[in-house]
Amino acid sequence: MTELDDDARDDAEPSPPARVAAGSARKGRPTMADVARAAGISTALVSIVIRGVPGASDETRRRVLQIADELGYVPDQRAQKLRRSSSRVLGVVFELQQPFHGDLVEHIYAAAARHGYEAVISAVAPSREESTAVNALLRERCEAAILLGSRLPDEELERLARRLPALLVARRSGLPGVGSVRGDDVMGIQLAVDHLIGLGHRRIAHIDGAGAPGSSDRRLGFLQGMADHGLADYADVLAGGLTEEAGAEGVRYLLDRQAPPPTAVIAFNDRTATGVLDVLAQRGRAVPGEISVVGYDDSRLAKMPHVQLTTVSQDAAGMADAAVTAALDLIKGGTPQETVLTPRLVVRATTGPAPR
């Protein structure tokens, strides 16, 4: 993650009309702008040095610190903290192309408002990396960052948490300074497996989320669920992804290979499930008459009249409430916690009895 110079504007104060020569003293408390002027560099670069973050050479650091000492500049940590903590703004990073993230953002707005906070969003898109989205939020003076389905590596998350409270949603944390709110993905997939086996299905495939957050837990839940019913030999896991294309590619493989196709498919999420449904429709395969399909998330996609997808609900409203509550607790100095919510199965039109 690229470090930002966002604190520079906090520390800079208006300079008087008369210029101060390098190394000279001025009346009143020296400011960061005075240090920058004396060093002949930008206030932003001085801020980087004073905060001790990456972005300045060793030589520049030595020179700036020496000049700051000569001028008697002392950062006003109390004023910085006051300015940062009074914004009443929560930053939210989400993936633009994930319908469930859109549902979460809608509920986060409402949950934040109930606590007297605003939510500012920053999107991740194919043309915009997550680190860019996070950095944009830092410039908004957010009191905490809520990251939906974050794929940032641990070291970047730890770096972010050193700057402001950070909370992961729909992803495990495992980091001492980062909280998380997520659903029980192992249980969620097991609910789908139990439902399908109760309908008589035996050959069940899972198109997983590849390396997406939650994919390993959902894969584990699928394998455990099948094994619990004595059907481990019928469990079929395919590497998939988060998109319609991943679902389409997975189900094409299942239909075209030599082995008998499964009678049911559990997709990593609703978006992947719609790709499965599209291919089945193109191939003339009846759903659920020939193949049942289950998604995950209970996003707006699952509820569309022409889809009516059986899916596992993560309860977007409940997850948003828990996320905002957890973020506010971190702002107050609370210890980062992991909150795990219980999912539920929502049965609609895409699952039915296994074909005879």
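The present account deals with the structure reproduced in this document. (Residues numbered from 1 in each chain as written. Predicted model: local features only at pLDDT ≥ 70, side-chain atom pairs only at ≥ 80, totals over all residues. Heavy atoms only, no water.)

### Focus on the overall build of the protein chain
Phase 1 of the analysis: Counting its secondary structure elements, the protein chain contains 13 helices and 12 strands.
Phase 2 of the analysis: Residue burial in the protein chain is summarised as follows: out of 356 residues, 52% are buried.
Phase 3 of the analysis: Across the protein chain, contacts joining residues at least 24 apart in sequence account for 69% of those joining residues at least 6 apart.
Phase 4 of the analysis: For the protein chain, the accessible area works out to roughly 16300 Å², and carbon and sulfur atoms hold 51% of it. (Helix = DSSP H or I, 4+ residues; strand = E, 2+ residues; numbered from the N terminus. Buried < 20%, exposed > 50% of the residue type's maximum accessible area, 1.4 Å probe, protein only. Contact = heavy atoms within 4.5 Å. Areas by Shrake-Rupley, 256 points an atom, 1.4 Å probe, with all protein chains shown as cover.)

### Side note on the nonpolar core
Phase 1 of the analysis: Residues L90, I108, I146, L148, L167 and V169 are the most contacted members of the largest nonpolar core, which totals 28 residues.
Phase 2 of the analysis: Of all the secondary-structure elements, those providing two or more residues to this core are β1 (89-95), α6 (99-114), β2 (118-124), β3 (144-148), β4 (166-169) and α13 (316-331).
Phase 3 of the analysis: With nine residues, α13 is the largest single contributor of residues to this core.
Phase 4 of the analysis: Filtering out sequence-adjacent residues up to four positions away, I108 remains in contact with V92, A119, I146, L148, A320 and V324.
Phase 5 of the analysis: Ranked by size, the runner-up nonpolar core spans 19 residues in total, among them L254, L255, V279 and V307. (Core = buried A, V, L, I, M, F, W, Y, C linked by side-chain atoms within 4.5 Å.)

### Description of the pattern of salt bridges
Side chains carrying opposite charge are able to pair once their charged atoms draw close together.
Phase 1 of the analysis: Applying the stated criterion across every chain, the model contains 17 salt bridges.
Phase 2 of the analysis: In this structure, E59 engages R62 in a salt bridge whose closest nitrogen and oxygen atoms are separated by 3.0 Å. Of this pair, E59 and R62 both sit in helix α4 (residues 58-71), separated by three residues, roughly a single helical turn.
Phase 3 of the analysis: On the basis of relative accessible area, E59 is assigned to the partly exposed category, the value being 47%.
Phase 4 of the analysis: Between D217 and R172 there is a salt bridge whose closest N-O contact spans 2.9 Å. (Salt bridge = Lys/Arg side-chain N within 4 Å of Asp/Glu carboxyl O.)

### Examining the sheet that holds strand β5 (residues 178-183)
Phase 1 of the analysis: Across the sheet, which stays open at both edges, the six strands sit in the order β2-β1-β3-β4-β5-β11 with parallel pairing between neighbours. The sheet is open, and its two borders are formed by β2 and β11 (338-341), each paired with just one other strand. Across this sheet, the average inter-strand angle for adjacent strands is 15°, counted without regard to direction.
Phase 2 of the analysis: Where β1 lies against β3, four bridges are found, and the strand directions are parallel. Bridge pairing in β3 links V92 to I146. (Pairing = 2+ DSSP bridges. Axes fitted to C-alpha atoms, helices over the stretch in contact; angles between N-to-C directions.)

### What to know about unusual backbone geometry
Phase 1 of the analysis: Residue P288 is reached from V287 by a cis peptide bond, and omega for that bond is 10°.
Phase 2 of the analysis: A positive phi angle, near 60°, is found at R141, a position not held by glycine.
Phase 3 of the analysis: Positionally, R141 belongs in the loop between α7 (130-138) and β3.
Phase 4 of the analysis: Take R141: its relative accessible area is 17%, and that puts it in the buried class.
Phase 5 of the analysis: With a phi close to 45°, Q308 is a non-glycine residue in the positive phi region.
Phase 6 of the analysis: Counting through the fold element by element, Q308 comes out in the loop between β9 (292-297) and β10 (310-313).
Phase 7 of the analysis: Using a relative accessible area of 28% as the deciding quantity, one classes Q308 as partly exposed.

### Overview of the pairing of β2
Phase 1 of the analysis: One ladder, built from seven bridges, connects β1 with β2; its direction is parallel. Looking across to β2, one finds that V92 is bridged to I121.
Phase 2 of the analysis: Handedness of the crossover joining β1 and β2 through α6 is recorded here as right-handed. (Right-handed = clockwise from strand over helix to strand, strands pointing away.)

### Notes on the pairing of β4
Phase 1 of the analysis: Every second residue of β4 is oriented toward a common face, with A166 and L168 on one face and L167 and V169 on the other, all of them buried.
Phase 2 of the analysis: Taken together, the four bridges between β3 and β4 define a ladder with parallel strand orientation. Note on β4: the bridge partner recorded for A145 is A166.
Phase 3 of the analysis: Of the strand pairs in this sheet, β4 and β5 are connected by four bridges, and their pairing is parallel. Looking across to β5, one finds that L168 is bridged to S180.

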